[in-house]
Amino acid sequence: MLYVVIAGIFILGYMAIAFEHNIHVNKAASALLTAIALWVLLSFGIDTLVANHSVTASLANHQDSLHFVGEQLREHLAEIAEILFFLMGAMAIVELIDAHDGFRVITDKIHTKNASKLLAIITIITFFLSSLLDNLTTTIVMVSLVSKIIDDQKMRWYFAGLIVIAANAGGAWSPVGDVTTTMLWIGGQITATGIMANVFIPSIVCTLIPMGLVMMQLKGQTVTAPILPSGQESDSELASMPIEQRIESLRATIKSNAQDSISQKTRMTVLLLGLGALAFVPIFKTLTHLPPYVGVLFGLAVLWMVTEIMHRHQDNYIRERIGVEGVLSRIDIPSILFFLGILLAVAALATAGILGDVAKWLDATFGNVYVINVMIGLLSSIVDNVPLVAGAMNMYPLTTDASIAQAAAAEAARLELFRQDGMFWEFLAYCAGTGGSCLIIGSAAGVAAMGMEKIPFMWYMKKITWLALIGYLVGAGVYVLIETMIR
């Protein structure tokens, strides 16, 4: 019964997030309340779950049960904190570039007003950039860039949706582009050369099909850059404005005054340092073996020091508005709390044994490894792909050449799928990396875009989900075709 209640509360919380604009409750509040409710239920009902074998843990008494829940919460929170600190560091770097008007260096190079051509440029840049940085950082950078180029909100949402699809697909074929691909790479299931050679084509197909369909929808449309208030309005004009517009005008005046003092050289320096700091994260991780959030915080610290030195002779008024202190005050905290809530809720499902049971059900029901991976990818659009991939890694041990050689012919053929660079692991990297695009809260990239552009869950589901699903399934079909007919 408790097992069902936990699953039911998660579904209710998920529905509250989906219908945020209908119930007029911020999605962060719904996510946090859902997460806390699930962990409270776990705390009170862990003995029942253990007795029913939903949780496989050797617990002698109730005190051991409470200790187990506390340990699980701390363990999951440590993993989530790494993601949140990474997100905050990356957002701070992007905001710092924006405060110095650094993106103008890029936007000034984009001269096309054709919406279809611009979409193609942005999508392709996103796809390749996410393989170098990662899908979350790339989404933050590209959504920020699009906000400087496009005024129409609905069109920005289309661009943001394609950015999410391209960022997730671009991250799937790179060992440092997506956290689940990185997990498989570190675990030895795949090699860098193997994943790049065999998953690149399905990933690019997964991106190009949705891009082409949206380009057809945008055919003939043009884009216009946002026109912010000039900040030069007269007192009478300000008095006649709505309060929100007045505030925006005053902000524009402050930002304009601050940015007028920034030279082109400074803009370029901050842009290159900021993007360099983000690109250095995978290198930092490889060299130090420390988590990615340490690398992004290192980049933020260096950029902080450099900008402080660059502006040391500026007035405090200017430094407070384009310095890191001012940037940190503009970070979207509700989006951070939403991310915390949704990941804690999924962690509760994992601790209750629900995700493990889902994985076992998939294996028992479908059996076929192609179908299992496709289903894992679709599930990753509902729950976080990290525990799903972690569950698959535990369910299917990595096989060796020796174990394959000793097995019977039929079993050896099956074990071949689970060796290093085997089909199962490569296809899992593709499916878990790209399947999350089908729903906006199915990936870190989607959550970031949702928070930055205030994209409604239902709008994404109506306009983008079917595009992402078609691209995902066709890309999966391409991988299977290559695997069965060419390799």
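So, how was this worked out
- Residues numbered from 1 in each chain as written.
- Predicted model: local features only at pLDDT ≥ 70, side-chain atom pairs only at ≥ 80, totals over all residues.
- Heavy atoms only, no water.
- Core = buried A, V, L, I, M, F, W, Y, C linked by side-chain atoms within 4.5 Å.
- Buried < 20%, exposed > 50% of the residue type's maximum accessible area, 1.4 Å probe, protein only.
- Helix = DSSP H or I, 4+ residues; strand = E, 2+ residues; numbered from the N terminus.
- Phe/Tyr/Trp six-rings, centres within 6.5 Å; stacked < 30°, edge-to-face > 60°.
- Lys NZ or Arg CZ within 6 Å of the ring centre and 35° of its normal.
- Expected span 1.5 Å × (residues − 1).
- Contact = heavy atoms within 4.5 Å.
- Polar contact = N/O pair within 3.5 Å; in protein donor to acceptor, adjacent residues only side chain to side chain.
- Salt bridge = Lys/Arg side-chain N within 4 Å of Asp/Glu carboxyl O.
- Patch = residues over 30% accessible without salt bridge, like charges linked within 9 Å, V, L, I, M, F, W, Y side chains within 5 Å.
- Areas by Shrake-Rupley, 256 points an atom, 1.4 Å probe, with all protein chains shown as cover.
- pLDDT = per-residue confidence, 0-100.
- Axes fitted to C-alpha atoms, helices over the stretch in contact; angles between N-to-C directions.
- Parallel < 35°, antiparallel > 145°, perpendicular 65-115°, else oblique.
- Left-handed = near helix turned anticlockwise from the far one by under 90°.
- Nonpolar A, V, L, I, M, F, W, Y, C, P; charged D, E, K, R; others polar.

A closer look at the nonpolar core
Item 1. Of all hydrophobic cores here, the largest spans 138 residues; its most connected members are Phe159, Trp425 and Ile441.
Item 2. Among the elements that make up this core, the one with the highest residue count is helix α4 (residues 62-99) (14 residues).

A word on the packing of aromatic side chains
Item 1. Going through the model one piece at a time under the given rule, you end up with 20 aromatic pairs.
Item 2. Pairing Phe10 with Tyr14 gives two aromatic rings, centres 6.2 Å apart and planes at 35 degrees, and the pair type is tilted. With Phe10 and Tyr14 both in helix α1 (residues 2-18) and 4 residues apart, the pair spans about one turn of that helix.
Item 3. Look at Phe10 and you get buried, because its relative accessible area is 7%.
Item 4. What makes Tyr14 buried here is its relative accessible area of 12%.
Item 5. Consider the rings of Phe418 and Trp425, whose centres lie 6.3 Å apart with planes at 75 degrees: the pair is edge-to-face.
Item 6. The structure contains a cluster of three or more aromatic residues connected by ring pairs, namely Tyr370, Phe427, Tyr430, Tyr472 and Tyr479.
Item 7. The residue whose ring lies beneath Lys27 is Phe338, and the NZ or CZ to ring-centre distance is 5.6 Å.

Things to note about helix α26 (residues 465-485)
Item 1. Helix length check: α26 (21 residues) gives 30 Å between terminal C-alpha atoms against 30 Å at 1.5 Å per residue, within 8%.
Item 2. Summarising the contacts, the buried residues of α26 are in contact with α8 (153-172), α10 (192-217), α19 (369-379), α23 (423-434) and α25 (457-463).

Quick word on the side chain of Glu453
Item 1. On the secondary structure map, Glu453 appears in helix α24 (residues 444-453).
Item 2. Within the structure, the side chain of Glu453 is placed 3.0 Å from the side chain of Arg156, a separation counted as a polar contact.
Item 3. Excluding its chain neighbours within four sequence positions, the residues that come into contact with Glu453 are Val143, Ser147, Arg156 and Trp157.

Some details on the environment of Ile201
Item 1. Residue position: Ile201 is located in helix α10.
Item 2. Distance from Ile201 to Gly475, taken between C-alpha atoms, is 7.9 Å for residues 274 residues apart in sequence.
Item 3. With sequence-adjacent residues up to four places away left out, Ile201 is seen in contact with Val478 and Ile482.

Examining the pattern of salt bridges
Pairing of side chains with opposite charge becomes possible as their charged atoms draw close.
Item 1. Counted under the stated rule, the structure contains 2 salt bridges.
Item 2. Two residues, Arg74 and Glu71, come together in a salt bridge whose shortest N-O distance is 2.8 Å. Taken together, the residues span about one helical turn, with Arg74 and Glu71 both in helix α4 at a distance of 3 residues.
Item 3. Two residues, Glu453 and Arg156, come together in a salt bridge whose shortest N-O distance is 3.0 Å. In this pair, Glu453 is assigned in helix α24 and Arg156 in helix α8, connecting sequence segments 297 residues apart. No difference in accessibility class separates Glu453 from Arg156, as the two residues are buried.

A closer look at a nonpolar patch on the surface
Item 1. A contiguous nonpolar surface patch, about 440 Å² in accessible area, is contributed by Phe280, Ile283, Leu287, Phe298 and Val302.
Item 2. Of all the secondary structure elements, the ones that give two or more residues to the nonpolar patch are α13 (264-288) and α14 (292-310).
Item 3. With 3 residues, the single largest contributor to the nonpolar patch is α13.
Item 4. Positionally, Ile283 belongs in helix α13.
Item 5. Ile283 gets classed as partly exposed once you look at its relative accessible area, which sits at 45%.

Looking at unusual backbone geometry
Item 1. One non-glycine residue, His24, lies in positive phi territory at about 60 degrees.
Item 2. Relative to the helices and strands, His24 is located in the loop between α2 (20-23) and α3 (27-51).
Item 3. We classify His24 as exposed; its relative accessible area is 70%.
Item 4. For Lys454, which is not glycine, the phi dihedral falls at a positive 55 degrees.
Item 5. For Lys454, the position within the fold is in the loop between α24 and α25.
Item 6. Since its relative accessible area comes to 48%, Lys454 is described here as partly exposed.

Observations regarding the confidence of the model for the protein
Detailed reading of the predicted model is not advised wherever pLDDT is low.
Item 1. With 85% of its residues at a pLDDT of 70 or more, the protein shows a mean pLDDT of 80.
Item 2. Put simply, helix α11 (residues 235-240) is where the protein has its lowest mean pLDDT, 52, and α8 is where it has its highest, 93.
Item 3. Note that pLDDT drops below 50 for residues 230-234; the model gives that stretch 5 contacts with residues more than four away or on any other chain.

Describing the packing of α8 against α24
Relative placement of two packed helices is described by the angle separating their axes and the distance separating the axes.
Item 1. Running from N to C, α8 and α24 point in directions that differ by 160 degrees, and their axes come no closer than 9 Å. Comparing the axis directions of α8 and α24 gives the class roughly antiparallel. Of the two elements, α8 crosses α24, and the hand of that crossing is right-handed. The segment α8 lies against α24, with Arg156, Trp157, Val164 and Asn168 engaging Ala445, Gly446, Ala449 and Glu453.
Item 2. Across the contact of α8 with α24, the residue classes tally to 4 nonpolar, 2 polar and 2 charged.

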